[in-house]
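# An overview of the molecular structure
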Amino acid sequence: QRAPVGIIGAGPAGLFLALLLKREGIESVVIDSRTRPDIEGTIRAGVLEQWCADLMRDLGVGERMDREGHFHEGITLQFGGERHHLNFVELTGGKQVVVYPQHDVLIDLIAHLEGQGQPMLFSVKDTALHDLESDHPSITFTDPEGQAQRIECDFIAGCDGFHGPSRQAIPRRREFQKVYPFGWLGVLVEAPPSYHELIYSNHERGFALLSTRTPEIQRMYIQCNPRDDLKNYPDERIWEELHARLDVPGHSITEGRIFQKGIIAMRSFVCETMQHGRLFLAGDACHIVPPTGAKGLNLAVGDVLRLSRALTRHYKIGDDSKLRTYAPEALRRIWLAERFSWYMTTMLHRDPDETDFEQQIHVADLAYVTQSRAAATALAENYVGLPVLE
Ligand code: DHB
């Protein structure tokens with residue numbers, strides 16, 4: 001097979017890239033090692049920045065989001081037993097976020113791409129990248145029928161996540177990492193919404209987050225030990241922790257049947273070597289943020305918006321300057337999102353390795369963002385999404 005652009009990975013980065021390129025008339029092939037039901041069923045975060053929701057509409061995949069997504073004017077920060085509302089619409093001159101789960105975004109993208117005849121291959125094995133430093137790189141893999149396949153391309157987009165083969169195909173890399181000594185236990189609950197917006201709580205027993213999915217299903221998280229076992233968290237203990245960390249006098253979160261539980265570890269990671277010859281990395285393949293603030297998907301889409309413009313210039317006017325500056329220009333925004341995700345995470349969690357002094361500083365940080373309009377504006381502009389292309 002031949003395709004101008006070979007895309008490894010059918011997550012947010014790979015699928016948005018395929019659609020952005022298709023809009024410009026540039027063909028691509030998407031491959032992924034996971035099954036389609038796996039991709040469409042994996043529960044991740046669910047907040048779309050304003051520009052990202054606008055891009056969905058622009059690309060013709062925003063209909064269900066507009067119908068089923070939850071448009072939130074702001075968030076609530078809870079600490080010292082009190083709730084404080086931050087109104088993003090007012091602080092940012094009209095910007096909002098949409099709570100719409102990542103796997104629903106993927107379902108909509110795959111259906112739309114399929115309708116447009118986009119080549120997509122799921123459940124492939126043994127993916128390998130070749131001749132990246134030449135002008136005819138290729139991808140080899142085994143297809144679901146067990147046949148060895150090769151895609152010859154002009155460019156390869158490595159959108160295959162933190163554990164994928166693309167980053168590993170770059171021999172010398174400049175990388176930065178921080179691993180946090182805590183994780184999140186996330187649950188899906190059959191219950192009506194407890195509150196009209198997300199609540200991020202800093203509590204002495206640890207962080208908690210109240211989010212939503214549908215009018216019937218709610219998403220909630222509590223800080224936990226990342227190496228803990230789900231067996232240590234029977235439903236009663238989860239509710240005890242959620243109530244302790246999220247309830248305030250006069251308002252208690254609504255319980256329901258817990259039908260899904262999982263523990264996630266948390267890290268910050270940046271691979272600054274986002275390009276190697278004709279391979280370009282995007283999304284989790286080159287950066288990870290901790291989940292607080294839900295920047296992962298938005299950051300991945302920002303990368304591929306930039307990459308699609310650079311590739312479009314290559315194919316339309318033979319100009320490679322934006323391909324050469326892809327990494328340094330993308331990294332400026334990536335580091336700002338890394339900073340914000342780290343800031344939200346450290347401010348809101350209880351780190352067992354920190355001193356009481358540092359804990360008090362985090363509470364002071366929360367007091368500051370809820371008292372000072374300047375500080376609140378800084379949080380708000382990051383939460384709704386910093387500018388994507390300069
Ligand atoms: C969700 C996840 C987040 O990390 C966040 O900051 C907000 C919401 C969610 O899964 O709904």
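Residues numbered from 1 in each chain as written. Predicted model: local features only at pLDDT ≥ 70, side-chain atom pairs only at ≥ 80, totals over all residues. Heavy atoms only, no water.

## So, the nonpolar core
Ranked by internal contacts, the top residues of the largest apolar core, which has 78 residues, are Ile7 and Phe16. In contact with Phe16, not counting residues within four places along its chain, are Leu55, Met56, Leu59, Val105, Leu109, Val301 and Val304. Among the nonpolar cores identified, the runner-up in size contains 33 residues, and Tyr180, Phe182, Leu209 and Phe340 belong to it. (Core = buried A, V, L, I, M, F, W, Y, C linked by side-chain atoms within 4.5 Å. Buried < 20%, exposed > 50% of the residue type's maximum accessible area, 1.4 Å probe, protein only. Contact = heavy atoms within 4.5 Å.)

## Here's the deal with the site of the ligand
Around the ligand there are 15 residues in total, and Tyr200, Ser211, Arg213, Tyr221 and Pro291 lie nearest to it. Side-chain polar atom of Ser211 to an oxygen atom of the ligand: 2.6 Å apart, as the coordinates give it. Bound to the protein, the ligand loses 100% of the 290 Å² it would expose on its own. For the shell around the ligand, the secondary structure elements donating two or more residues are β15 (208-212) and β16 (217-224). Residue composition of the shell around the ligand, grouped by class: nine nonpolar, four polar and two charged. (Near = heavy atom within 4 Å. Polar contact = N/O pair within 3.5 Å; in protein donor to acceptor, adjacent residues only side chain to side chain. Areas by Shrake-Rupley, 256 points an atom, 1.4 Å probe, with all protein chains shown as cover. Helix = DSSP H or I, 4+ residues; strand = E, 2+ residues; numbered from the N terminus. Nonpolar A, V, L, I, M, F, W, Y, C, P; charged D, E, K, R; others polar.)

## Description of the sheet that holds β16
Spatially, eight strands are ordered β6-β5-β14-β15-β16-β13-β17-β20 in an open sheet, and the strand pairing comes out mixed. Sheet topology places β6 (82-87) and β20 (287-288) at the edges, where each strand pairs with a single neighbour. Relative to strand β14 (residues 199-202), strand β5 (residues 74-79) runs parallel, the two being bridged by four bridges. When the bridges of β14 are listed, Thr76 appears paired with Ile199. Against the sheet, helix α11 (residues 326-348) makes contact with β5, β13 (175-190), β14, β17 (257-271) and β20, and its axis sits at roughly 130° relative to β17, the strand it touches most. (Pairing = 2+ DSSP bridges. Axes fitted to C-alpha atoms, helices over the stretch in contact; angles between N-to-C directions.)

## Focus: the confidence of the model for the protein
Across the protein, pLDDT averages 97, with 100% of residues at or above 70. Prediction confidence for the complex, expressed as pTM and ipTM, is 0.97 and 0.97 respectively. (pLDDT = per-residue confidence, 0-100.)

## Quick look at unusual backbone geometry
Positive phi values are uncommon outside glycine, yet Asp126 reaches one of about 55°. On the secondary structure map, Asp126 appears in strand β9 (residues 125-130). With a relative accessible area of 59%, Asp126 lands in the exposed category. Positive phi values are uncommon outside glycine, yet Asp131 reaches one of about 50°. As for its position among the elements, Asp131 is in the loop between β9 and β10 (138-142).

## Observations regarding the packing of aromatic side chains
With the rule as written, the count across this model stands at twelve aromatic pairs. Where Tyr180 meets Phe182, the ring centres are 5.8 Å apart and the plane angle is 35°; that geometry is what we call tilted. Of the two residues, Tyr180 and Phe182, both sit in the buried class. Ring centres 5.3 Å apart and planes at 20° place the aromatic pair Trp184 and Phe207 in the stacked group. (Phe/Tyr/Trp six-rings, centres within 6.5 Å; stacked < 30°, edge-to-face > 60°.)

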